[in-house]
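Architecture at a glance
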Protein chains: 2
Amino acid sequence: MIFRYPNGKPYEPKEQIKPKKQQDITYSNRGMTLEEDLNETNTYYLENKLAVIHKKPTPVQIVHVDYPRRSAAVIKEAYFKQSSTTDYNGVYRGKYIDFEAKETKNKTSFPLQNFHAHQIDHMKNVVDQGGISFVILSAFDTCYYLEARHLFTFWNRQESGGRKSISLNELNEYGHKITLGYQPRIDYLKIIDKLYF
Amino acid sequence: MIFRYPNGKPYEPKEQIKPKKQQDITYSNRGMTLEEDLNETNTYYLENKLAVIHKKPTPVQIVHVDYPRRSAAVIKEAYFKQSSTTDYNGVYRGKYIDFEAKETKNKTSFPLQNFHAHQIDHMKNVVDQGGISFVILSAFDTCYYLEARHLFTFWNRQESGGRKSISLNELNEYGHKITLGYQPRIDYLKIIDKLYF
C-alpha cells in the first residue's frame, strides 16, 4: 500500500529503508557467499565501466560426451581438475589484476591449506611480470585484501617449518580491511587505487 | 656416428640440420591445431618468464555430480555454455593481454560468424579499460594478428548490413602476419612489442 502526501507524491519511509551501518554486515549474518558477492561486485564494475574482471570457469576434464541430437551435446562423464592459476583476473586502468578469494570459519587464524603450491607459483609469476596480485580473505567476520607479497612471506615461513596459518594479528597488521557495502559489495578497487595509483 | 676433423673437432653437417624456411610451415601441412600451438607458445613464454598467459577453461554448466567415494566426484550431467569473454588472457610487462584465436579453411575470406556478439562486447570493454585486445586468425595458410579495433570496424560493417566476412586483401592490409616458428611457435609478443612498447 502506498501512502501519499496531499500533493500526490508518495510517502517514502526514509528511516526504515536506511541500510544498517556497514560494519554490521558480515558473512555470518547475510547468507551470501564470498563468491556471490565478488561476482556481483565484478558485474557492478563491468556495468559501470570501472574494470573488466571475471571469474574463470571451473576447470573440468571431459571424458565422455553424448550427442543425442545434432544441436545438443551432453557431457556424461567429467572430473574436476585442480586449477593452475587463480580464479579471478582482468583489467583495471590498463593494469593486469589477478586474485584468489578464500573464506574460513576458523576464529583465530587463516589456514594456508586454502591455497596450493601451483597458485602461489602463479601469483609469483604475475608479480614478476608486473601484474597486481592479491588475495581476498574472508575471516573473523571481516574481509581483507592481502597483497601477494605478504602471502608469499607466510607461505615461505610454512615451507621452512613454521606455522601453517596466518594469525588474526598478522592479518590485521598486513591486510587491508574492506568494508562491505551494497553497490559494490566488496569494493577492492579502492584498495588498488590506494596502493598503485 | 660422429666424423671428426684432424684437430678433433666434430664435423657438423650444417646444410642438413638447417630448418626448412619458416614460410613453408603452415597449418595445412603440420597437423597441429592453432590451439595446440598457442598453448605451447604460452608455455614457452611462461617457462622463459616472458609473459603469463593462459587459456581459460571451457565453461560448463554442471547439473548432476555423483560422489561414489568421499574422495572422487564424477560429473554425470553437464552442458557446454557459451563463453562471455575471450579464451586467452594474462599479463605481459604489466599490461593486460586478452585475445581470441580462430581458424578458417575458407580460401577467400574470414567469416565473422567465428565470433559472437558477447565476445566483441568483451573486447570493447577491454580496450576501453586500456587493455591490449586482439585476435589471432589462421587463414589462407597464414597466421595473422589483428588488432581488436580493426575487428570492430569489420563487425560494425556487418551490423549495418555489409559483408559478413573479412576479405583476404583486408586481412593482408590490416593484420600483422606472424611467421610460424619452432620456439615459440606463434610469437605474438613480437607484434605487441612493435605496437605498444
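Described below are features of the structure shown in this document.

Cut-offs applied
Residue positions within a chain follow its written sequence, with the count starting from 1. The naming scheme follows written order: chains are lettered A onward, ligands numbered 1 onward. Only residues with pLDDT of 70 or above have their local features reported here, since the model is predicted, and side-chain atom pairs are shown and tallied only from 80 upward, although totals for entire chains, interfaces and linings are computed over all residues. Excluded from the side-chain calculation are hydrogens and water; included are all heavy atoms of the structure. The numbering of helices and of strands both runs from the N terminus, where a helix is a DSSP run of H or I of at least 4 residues and a strand a run of E of at least 2. Only protein chains enter the calculation, and the probe is 1.4 Å; a residue is then buried if its accessible area is under 20% of its type maximum, exposed if over 50%, and partly exposed in between. Excluding any residue in a salt bridge, patches collect residues exceeding 30% relative accessible area, merging like charges within 9 Å and nonpolar Val, Leu, Ile, Met, Phe, Trp and Tyr side chains within 5 Å. Per-residue and other accessible areas were derived by the Shrake-Rupley procedure at a 1.4 Å probe size, with only the shown protein chains allowed to occlude residues. Take a side-chain nitrogen of Lys or Arg and a carboxyl oxygen of Asp or Glu: if they are within 4 Å of each other, that pair is a salt bridge. Following DSSP output, two strands are said to pair if at least two bridges run between them. In this analysis, axes come from line fits to C-alpha atoms, helices being fitted only over the stretch in contact, and the angle between any two N-to-C directions falls in the range 0 to 180 degrees. Residue contacts are defined here by distance: any two heavy atoms, one from each residue, within 4.5 Å place the two residues in contact. As used here, buried area is the combined drop in accessible area, with a 1.4 Å probe, of two parts when they are placed together. Polar contact is defined as a pair of N or O atoms within 3.5 Å, subject to the rule that within protein one atom must be able to donate a hydrogen and the other to accept it, and that residues adjacent in sequence are counted only when both atoms are side-chain atoms. Basically, the charged four are Asp, Glu, Lys and Arg, the nonpolar ten are Ala, Val, Leu, Ile, Met, Phe, Trp, Tyr, Cys and Pro, and anything else, Gly included, counts as polar. We place a 1 Å grid over just the protein atoms. Points where a 1.4 Å probe fits but has no way out form a cavity, open points with protein on both sides within 12 Å along at least 5 of 7 lines form a pocket, and any residue with an atom within 4 Å of a point lines it. Grid points are joined across faces, edges and corners, and a volume is the space filled by probe spheres set on the points. The atoms used to superpose the copies are C-alpha atoms, taken from residues with pLDDT of at least 70 in both, and the fit is least squares.

The next point concerns the environment of Ile-186 of chain B. Residues and elements named next belong to chain B. Relative to the assigned elements, Ile-186 resides in the loop between strand S10 (176-178) and helix H7 (189-196). For Ile-186, a relative accessible area of 0% corresponds to the buried category. With 50 residues separating them along the chain, Ile-186 and Ile-136 place their C-alpha atoms 9.4 Å apart.

To continue, consider a nonpolar patch on the surface. On the surface, Leu-195, Tyr-196 and Phe-197 of chain B cluster together into a nonpolar patch covering about 250 Å² of accessible area. For Phe-197 of chain B, a relative accessible area of 41% puts it in the partly exposed group.

Along the chain, the position of Val-65 of chain B falls in strand S2 (residues 60-66). Measuring from C-alpha to C-alpha, the distance between Val-65 of chain B and Thr-33 of chain B comes to 32 Å, with 32 residues separating the pair along the chain.

Another point: the sheet that holds strand S3 (residues 74-80) of chain B. The sheet built from 4 strands is open, its strands ordered S2(A)-S3(A)-S3(B)-S2(B) with antiparallel pairing. Sheet topology places strand S2 (60-66) of chain A together with S2 of chain B at the edges, where each strand pairs with a single neighbour. The mean angle between the axes of side-by-side strands here comes to 35°, regardless of whether they run parallel or antiparallel. Where S2 of chain A meets strand S3 (residues 74-80) of chain A, 6 bridges bridge the pair, whose relative direction is antiparallel.

Accessible area lost when the parts come together is the quantity often used to give the size of an interface. With 38 residues of chain B at the contact, the number on the chain A side is 38 residues. Of the roughly 3000 Å² buried at the junction of chain B and chain A (both faces included), carbon and sulfur atoms supply 63%. Here chain B and chain A share 2 salt bridges between them. Its salt-bridge partner being Lys-49 of chain B, residue Asp-128 of chain A comes within 3.8 Å of it at the nearest N-O pair. Connecting chain B to chain A are 14 residue pairs in polar contact (both at pLDDT 80 or more). If one sorts the elements of the side of chain B that touches chain A by residue count, S3 of chain B sits on top with 7 residues. Partitioning the side of chain B that touches chain A into residue classes produces 19 nonpolar, 12 polar and 7 charged. Here 2 bridges tie S3 of chain A to S3 of chain B, and the two strands are oriented antiparallel to one another. The residue bridging Ala-78 of chain A from the neighbouring strand is Ile-75 of chain B, located in S3 of chain B.

Next up on the list: the layout of surface pockets. The method is simple in principle: a probe with the dimensions of a water molecule rolls over the atoms, and the space it marks as empty is what remains. In this model, the largest pocket occupies a volume close to 580 Å³. Forming the walls of the largest pocket are 25 residues, and the residues nearest its centre are Lys-81 and Ser-84 of chain A together with Lys-55, Lys-56 and Pro-57 of chain B. Of all elements in the fold, only S2 of chain A together with helix H3 (34-47) and strand S1 (52-55) of chain B reach the threshold of two or more residues within the lining of the largest pocket. At 5 residues, the largest contribution of residues to the lining of the largest pocket is made by H3 of chain B. Of the residues assigned to the lining of the largest pocket, the class counts are 7 nonpolar, 12 polar and 6 charged. Considered as a void within the structure, the second largest pocket measures approximately 430 Å³ in volume. Elements with a minimum of two residues in the lining of the second largest pocket: helix H3 (34-47) and strand S1 (52-55) of chain A together with S2 of chain B. Of the residues forming the lining of the second largest pocket, the biggest block, 3 residues, is contributed by S2 of chain B. For the lining of the second largest pocket, the per-class residue count stands at 5 nonpolar, 10 polar and 6 charged.

For the rest of this paragraph, the subject is unusual backbone geometry. Note that the residue after Gln-183 of chain A, namely Pro-184 of chain A, is joined by a cis bond; omega there is -5°. Along the polypeptide, Pro-184 of chain A turns up in the loop between strand S10 (176-177) and helix H7 (188-196). Its identity is not glycine, yet Lys-49 of chain A carries a phi of approximately 55°, on the positive side. Note that Lys-49 of chain A resides in the loop between H3 and S1. Residue classification places Lys-49 of chain A among the exposed positions, given a relative accessible area of 53%. One non-glycine residue, Phe-140 of chain B, adopts positive backbone phi at about 55°.

The next subject is the relation of the copies chain B and chain A. In the superposition of chain B on chain A (RMSD 0.0 Å, axial shift 0.0 Å), the rotation amounts to 180°. A rotation of that kind, with that shift, is consistent with a two-fold axis. In this assembly the copies share their binding face: 100% of the residues contributing to the interface of chain B also contribute to that of chain A.

So, on to empty space enclosed by the protein. The tally for this structure, following the rule as stated, stands at 1 cavity of 30 Å³ or more. The space that makes up the largest cavity amounts to roughly 30 Å³. Lining the largest cavity we find Leu-46, Lys-49, Leu-50, Ala-51 and Val-52 of chain A together with Asn-125, Asp-128 and Gln-129 of chain B. Per-class residue counts for the lining of the largest cavity are 4 nonpolar, 2 polar and 2 charged.

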